[in-house]
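Commentary on secondary and tertiary structure
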Amino acid sequence: MAPNKLPSPGSCPASLRPRSRKEALSRLYSLVHTKDRVLITIDPDPDSIASAFALKRLLWRHVYSTTVGIIRPIRRLNNLTMVRLLKLPIVLLKDKKLDEFNRFFLVDGQPAHHEFFQKISYSLVIDHHPVTPLPDIPFLDIRPGYGATSTILTEYLMAAKIKPSRTLATALIYGIKTDTQNFERQSCEEDVRAFHFLYDKVYQGILRKIEISDLSLKDLNCFCEAIKNKTVVRDRIYTHLPKVPSADILVILADFLLKVHDISWSIVSGVVDKVLVVIVRNDGYRKNAGRSVQKAFGQWGSAGGHRAAARAEIPLEKLKDVVKKDTPQAYARFVRRCLRAS
Ligand SMILES: [Mn+2]
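All values reported here derive from a predicted model rather than from experimental measurement.

Side note on the overall build of the protein
Each helix and strand counted, the protein has 12 helices and 12 strands in total. Overall, the protein is about 70 × 45 × 40 Å in size when its C-alpha atoms are taken along their principal axes. The buried share of the protein, reckoned over its 342 residues, is 50%. Long-range contacts, defined here as pairs at least 24 residues apart, represent 60% of the contacts in the protein between residues at least 6 apart. Here the protein has roughly 17,700 Å² of accessible surface; of this, 53% comes from carbon and sulfur atoms.

The structure is reproduced here in structure tokens:
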């Protein structure tokens, strides 16, 4: 199938892809000009950042310049650490910036994914998400079976016989690891092969620091509070934080408290923006956390999850009749009471 055609209805193939990497590479190079100022746009996450820098490497000496532009600021602390430790030059895009460039590429996404992308006329899209309706784009390589776009770009580097720098290898391997959740989520043979190719080229220390950097200094106060407020009932540890900026820290605390060796359940609750959030983690062994949380809190708000991980979110106003006093202690008791009965 020609790579720049949409699948005809009825015979929808799994992906839109060039025939071979070699053929694709020469098409990529015939697409660009040494005077080109290329902008690669991404919605920043580890996979898109790594893919963009791999593409930039492929374009080295084939274009005048390649800029990696993000359509929104990076917030995740791991990703900020990635960009900082690997010294990846990234610019935050504003509309006016666009006329500095004459050619636009998109990786790890499709125009339909974001309205910012829709304003741009792309020459190239490389992605692994399910295929969405696409405008006419000269170079398309979309492989929904792949766990990460970083895998596709690693294959291009291999085809071009480019040995990635340790910085690039570290970024790519982190992209593959996050998008496949360390191969626990959708991934394929090719992801494993790319991982294997990159493995001995990475900065292991930096990779580890990126992977564990999910805390801010402020979060440490929440640890103090969570530990101070804890209640242990048999193999369950409960704790409540009266006010937290986002539910993310509750998730980190719940994972952390489950590290205690004779604890099978950790239950961390907190109030985020007038919503009571309850995060539950267990060893996934005897009881199903998702079902327990659904039974305990389902009547007041959204509640559910998997065997070992669950979450409930209840607007405080729904609890006016059940939690008489609007105090942290009362909410903590409410959470314990509901889960005990479930
Ligand atoms: Mn991805």
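Picking up after the structure, the text goes on.
Points about the sheet that holds strand β8 (residues 236-241)
Judged by pairing direction, the sheet is mixed, and its six strands sit side by side in the order β7-β8-β9-β10-β12-β11 without closing on themselves. Two strands lie at the open edges of the sheet, namely β7 (231-233) and β11 (302-305), each paired on one side alone. If you compare each strand with its neighbour and ignore which way they point, the axes differ by 15° on average. Bridge analysis of β8 against strand β9 (residues 265-272) gives six bridges, and the strand direction is parallel. Looking at β9, one finds that Tyr-238 is bridged to Ile-267. Lying on the sheet, helix α10 (residues 248-257) is in contact with β8, β9, β10 (275-282) and β12 (309-315); it crosses β9 at an angle near 160°.

Structural notes on the domain arrangement of the protein
Assigned domains within the protein: domain 1 (21-212) and domain 2 (217-341). Just the C-alpha atoms count here: the centres of domain 1 and domain 2 sit 37 Å apart.

A closer look at the side chain of Ser-123
Structurally, Ser-123 can be placed in the loop between α4 (115-118) and β5 (124-127). Here the side chain of Ser-123 touches Arg-103 through a polar contact of 3.3 Å, side chain to side chain.

Remarks on the pairing of strand β1 (residues 37-42)
Here is the key point about a regular strand: its side chains alternate between the two faces of the sheet. Within β1, five of the six residues are buried, leaving the element largely enclosed by the surrounding structure. In the sheet, β1 pairs with strand β2 (residues 65-70) via six bridges, with the strands oriented parallel. Bridging from a neighbouring strand, Ile-42 pairs with Ile-70 of β2. Handedness of the β1-helix α2 (residues 46-59)-β2 crossover: right-handed.

Some remarks on α2
The terminal C-alpha atoms of α2, which comprises 14 residues, lie 20 Å apart, in line with the 20 Å expected from a rise of 1.5 Å per residue. Here α2 lies mainly inside the structure; 12 of its 14 residues are buried. Among all positions of α2, only Pro-46, Asp-47, Ser-48, Ile-49, Ala-50, Ser-51, Ala-52, Phe-53, Ala-54, Leu-55, Leu-58 and Leu-59 are buried. The residue sitting at the N-terminus of α2 and contributing the capping side-chain oxygen is Asp-45; that oxygen lies 3.0 Å from the backbone nitrogen of Asp-47. Phi turns positive, to about 70°, at Arg-61, one or two residues after α2.

Details of the confidence of the model for the protein
Here the protein shows a mean pLDDT of 92. Residues at 70 or above account for 95%. Segment residues 1-14: pLDDT under 50, and 20 contacts once partners within four positions in sequence are set aside and those in other chains are kept.

Topic: the packing of aromatic side chains
Taken as a whole and assessed by the stated rule, the structure comprises seven aromatic pairs. Pairing Phe-183 with Phe-195 gives two aromatic rings, centres 5.4 Å apart and planes at 90°, and the pair type is edge-to-face. Of the two residues, Phe-183 is situated in the loop between α6 (166-179) and α7 (189-199) and Phe-195 in helix α7; the sequence distance between them amounts to 12 residues. The class of Phe-195 is partly exposed, set by a relative accessible area of 21%. Through pairs of rings, three or more aromatic residues link up here, namely Phe-183, Phe-195 and Tyr-199. Note that Arg-21 overlies the ring of Tyr-156, its terminal NZ or CZ placed 4.5 Å from the centroid.

Parameters at a glance
- Residues numbered from 1 in each chain as written.
- Predicted model: local features only at pLDDT ≥ 70, side-chain atom pairs only at ≥ 80, totals over all residues.
- Heavy atoms only, no water.
- Helix = DSSP H or I, 4+ residues; strand = E, 2+ residues; numbered from the N terminus.
- Buried < 20%, exposed > 50% of the residue type's maximum accessible area, 1.4 Å probe, protein only.
- Contact = heavy atoms within 4.5 Å.
- Areas by Shrake-Rupley, 256 points an atom, 1.4 Å probe, with all protein chains shown as cover.
- Pairing = 2+ DSSP bridges.
- Axes fitted to C-alpha atoms, helices over the stretch in contact; angles between N-to-C directions.
- Domains from an automatic or database assignment.
- Polar contact = N/O pair within 3.5 Å; in protein donor to acceptor, adjacent residues only side chain to side chain.
- Right-handed = clockwise from strand over helix to strand, strands pointing away.
- Expected span 1.5 Å × (residues − 1).
- pLDDT = per-residue confidence, 0-100.
- Phe/Tyr/Trp six-rings, centres within 6.5 Å; stacked < 30°, edge-to-face > 60°.
- Lys NZ or Arg CZ within 6 Å of the ring centre and 35° of its normal.

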